[in-house]
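Chain and residue survey
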2 protein chains.
Amino acid sequence: LLEKIRFVQIGLGPMGSSICRLAIEKEGIEIVGAVDLMNVGKDVSEVLGLRGKLGVRVTDDVKSVLTTKPDIVLHSTVSSLKMAEDQLETILKAKVSVISTCEELAYPWDIQDDIAYRLDSIARENKVVILGTGVNPGFCMDTFPIALTAVCQSVVHVRVARVQDARSRRLSFQKKIGAGCNLDEFEQMKKTGKLRHMGLRESTGMIAAAMGWSIEDYDETIEPVIADKEIRSDYFTVMKGQPAGVAQIATAKVSGRETIRMEFKAYLGAPDSYDTIWITGVPNLEVTVNGGIQGDLATSAIVTNAIPRVLSASPGLKTMKDMPIVHTFMGNLAKFT
Amino acid sequence: LLEKIRFVQIGLGPMGSSICRLAIEKEGIEIVGAVDLMNVGKDVSEVLGLRGKLGVRVTDDVKSVLTTKPDIVLHSTVSSLKMAEDQLETILKAKVSVISTCEELAYPWDIQDDIAYRLDSIARENKVVILGTGVNPGFCMDTFPIALTAVCQSVVHVRVARVQDARSRRLSFQKKIGAGCNLDEFEQMKKTGKLRHMGLRESTGMIAAAMGWSIEDYDETIEPVIADKEIRSDYFTVMKGQPAGVAQIATAKVSGRETIRMEFKAYLGAPDSYDTIWITGVPNLEVTVNGGIQGDLATSAIVTNAIPRVLSASPGLKTMKDMPIVHTFMGNLAKFT
């Protein structure tokens, strides 16, 4: 049993920083290295806005930081698995396990199975574990509905809605969903793929795999949610008639009919935030998280909470549906029974 | 990979029968034996009320039925682990894995750790798995809240309420909760322990273990819910002023303060059925299953759904918090990825 879990943080953007801050706070977890393209040479505490020095300087050299022989890498850089692949491979070949928020890693077996097989075999060869997780993909729209089907004798349809009033989210998130831009800019963002919530396809794939379904047809639409009155966030104001955010709907067909429907809506001024799951089966289930799951807090939580599960998993590429239940972990492995 | 999962059913009471019926329905699962104290010699189909014969006769001899070398035993007899222990031991020593609805097996490590250690070591010696599960204990008031903490950075309090309008439950359940008896009979049932929902202590222990908490003090109260008007179920009528069912409240203290609160209420005429979980932490969570989780359907579901997880688990005594996520399983292992 490790007395201290020594970790390296790769990626110190808003999400990576919040993961890193939380991991450092936990009593049994210690940072031994940090990688980012910005802030090279600075003490990590300065980047995170913490008092005092941690004695760990940001570097842009992944290989050198892995010579510290960490127990785990927490990885939060890009959404695209293709773009993350080389770096993930480098980590695994250094015989270090990794938890990444790369959205396309959450369930890559469906549409990027070539990369999935490659990362899985590299992880096995090097006897380490790689897991993609986060609040979404990773929980709200995949692991959570899958876990609920434990009490279902059979399931014929899964519908998941994640609706968020984006006023409570960070500025970069509010911009990402197109709030406050005009319709032309919205279409432009949509065309370049910047607007898209990443991971809906992966969440759909994870649910289908758990249910034993083969997806025949997958469709995804992205539309603006138009403000019906002026809406202010902490950062800016959206005028009536402007996009306040995004509605992204995904549907998957199995045996000729819709079996999975995912509704992701994030916009300024949504009357309620909630995560709701409707399972049609025996029995039917309707489950609501009142107020929704706060994304920024939850992603750093689930990444750090997954650490003990990853440390004791068998080697390979894992997805959340294969892991023993991830739950709150305060950092002390001796108390993790 | 098994082409067919061959199982033996032990216990053909209402719950055991519903588990057995569901398992038989699944395409890749086959019954090879059944044990019960009643109906010895009858074909199982007759006991279950199915058409046609299954060619499997009920026996009261556990050892003989295990000579069929089943892949798994589904066990549904008593709530008391002490009373189930010998039979569970016999199954494990025959090198067969077992899933049991014995409530005290759901998390025996806290208050019956002697039996837990013994069953764990027998299972390991014989390279098989033993798991206690069900809808409650096993899901609603333990696994489910534990799984939700995946998105929490920290947790300071867990409150779980399971409130059921018992009008939808089977007659034996309605009687078990004291509906329709008078107050003296209720007190009498309470004294003899017949009224008690079994498993609240186990669910509390499972949550505490997952959170890394040591329970210092545990308290449980049982009170009647008095009908404020006449209430009819399919089976009988409860008069105004009579007990309509039971309210059982458990609280656990850690470090001098309440950290877990469990509220189990089952009575005829509850205005709503629901399962609600309140987690106080970062972030707070409030999650509701609208209409609640229908207990009779759910227990047979979770037992059969756990089969593939148990078949691929490492040997020993498992609890739901250690298992990979249990989800709907239609019986075909080839489709279980």
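1. A few points about the interface of chain B and chain A
Counting residues at the interface gives 49 residues for chain B, matched by 49 residues for chain A. Between chain B and chain A lies a buried interface of about 3,900 Å² when both sides are counted; carbon and sulfur atoms form 59% of it. Considering only the surface of chain B that becomes buried against chain A, B:Val151, B:Gln153 and B:Ile325 emerge as the three largest contributors, covering 17% of it. Applying the counting rule to chain B against chain A returns zero salt bridges. The interface formed by chain B and chain A contains 27 residue pairs in polar contact (both at pLDDT 80 or more). At the level of secondary structure, the elements contributing two or more residues to the side of chain B that touches chain A comprise helix 6 (143-148), strand 7 (154-165), helix 9 (200-211), strand 14 (285-290) and helix 10 (295-305) of chain B. With three bridges joining them, strand 14 (residues 285-290) of chain A and strand 14 of chain B adopt antiparallel strand pairing. When the sheet's bridge partners are listed, A:Thr288 is paired in strand 14 of chain B with B:Thr288.

2. Things to note about the sheet that holds strand 12 (residues 257-267) of chain B
Spatially, 8(A)-11(A)-12(A)-7(A)-13(A)-14(A)-14(B)-13(B)-7(B)-12(B)-11(B)-8(B) is the arrangement adopted by the 12 strands of the open sheet, whose pairing is mixed. Edge positions in the open sheet fall to strand 8 (217-226) of chain A together with strand 8 (217-226) of chain B, since each of these has one partner strand only. In this sheet, neighbouring strand axes are inclined to one another by 10° on average, regardless of whether the strands run parallel or antiparallel. Judged from the eight bridges that link them, strand 7 (residues 154-165) of chain A and strand 12 (residues 257-267) of chain A form a sheet pairing that is parallel. Its bridge partner being in strand 12 of chain A, A:Arg159 is matched across the sheet by A:Arg261. Sitting on the sheet, helix 8 (residues 183-191) of chain A is in contact with strand 8 and strand 11 (243-254) of chain A, with an inclination near 155° to strand 8 of chain A. Against the sheet, helix 9 of chain B touches strand 7, strand 8, strand 11 (243-254) and strand 12 of chain B, its axis set at about 145° to strand 12 of chain B.

3. Things to note about the pairing of strand 12 of chain B
All names here are of chain B. Two elements, strand 11 and strand 12, share 10 bridges in a ladder whose sense is antiparallel. Within strand 12, the position partnered with Lys 253 by the bridge is Glu 258. Turn length for the strand 11-strand 12 hairpin, with the two strands adjacent in sequence and antiparallel, is two residues, and the turn residue Ser 255 shows positive phi of about 50°.

4. What to know about the nonpolar core
Residues A:Phe144 and B:Phe144 are the most contacted members of the largest nonpolar core, which totals 179 residues. Excluding residues within four positions of it along the chain, B:Phe144 makes contact with A:Phe144, A:Leu148, A:Val287, B:Phe139, B:Ile277, B:Val287 and B:Val289.

5. Comments concerning the confidence of the model for chain A
Any region with low pLDDT has predicted coordinates that should not be read closely. Summing up the model confidence of chain A, the mean pLDDT is 95 and the portion of residues at 70 or higher is 100%. Two summary scores accompany this predicted model of the complex, namely pTM at 0.97 and ipTM at 0.96.

6. Overview of the relation of the copies chain B and chain A
Applying a rotation about an axis and a shift along it to one chain copy brings it onto the other copy. Note on the identical chains: chain B maps onto chain A by a rotation of 180° and an axial translation of 0.0 Å, with an RMSD of 0.0 Å. Taken together, the turn and the small shift mark the pair as related by a two-fold rotation axis. For chain B, the residue whose C-alpha comes nearest the rotation axis is B:Pro324, separated from it by 1.9 Å. An overlap of 100% is found between the interface residues of chain B and their copies at the interface of chain A, pointing to a shared contact surface.

How each quantity is defined
Residues numbered from 1 in each chain as written. Chains lettered and ligands numbered in written order. Predicted model: local features only at pLDDT ≥ 70, side-chain atom pairs only at ≥ 80, totals over all residues. Heavy atoms only, no water. Contact = heavy atoms within 4.5 Å. Buried area = accessible area lost by both parts, 1.4 Å probe. Salt bridge = Lys/Arg side-chain N within 4 Å of Asp/Glu carboxyl O. Polar contact = N/O pair within 3.5 Å; in protein donor to acceptor, adjacent residues only side chain to side chain. Helix = DSSP H or I, 4+ residues; strand = E, 2+ residues; numbered from the N terminus. Pairing = 2+ DSSP bridges. Axes fitted to C-alpha atoms, helices over the stretch in contact; angles between N-to-C directions. Core = buried A, V, L, I, M, F, W, Y, C linked by side-chain atoms within 4.5 Å. Buried < 20%, exposed > 50% of the residue type's maximum accessible area, 1.4 Å probe, protein only. pLDDT = per-residue confidence, 0-100. Least-squares fit on C-alpha atoms with pLDDT ≥ 70 in both.

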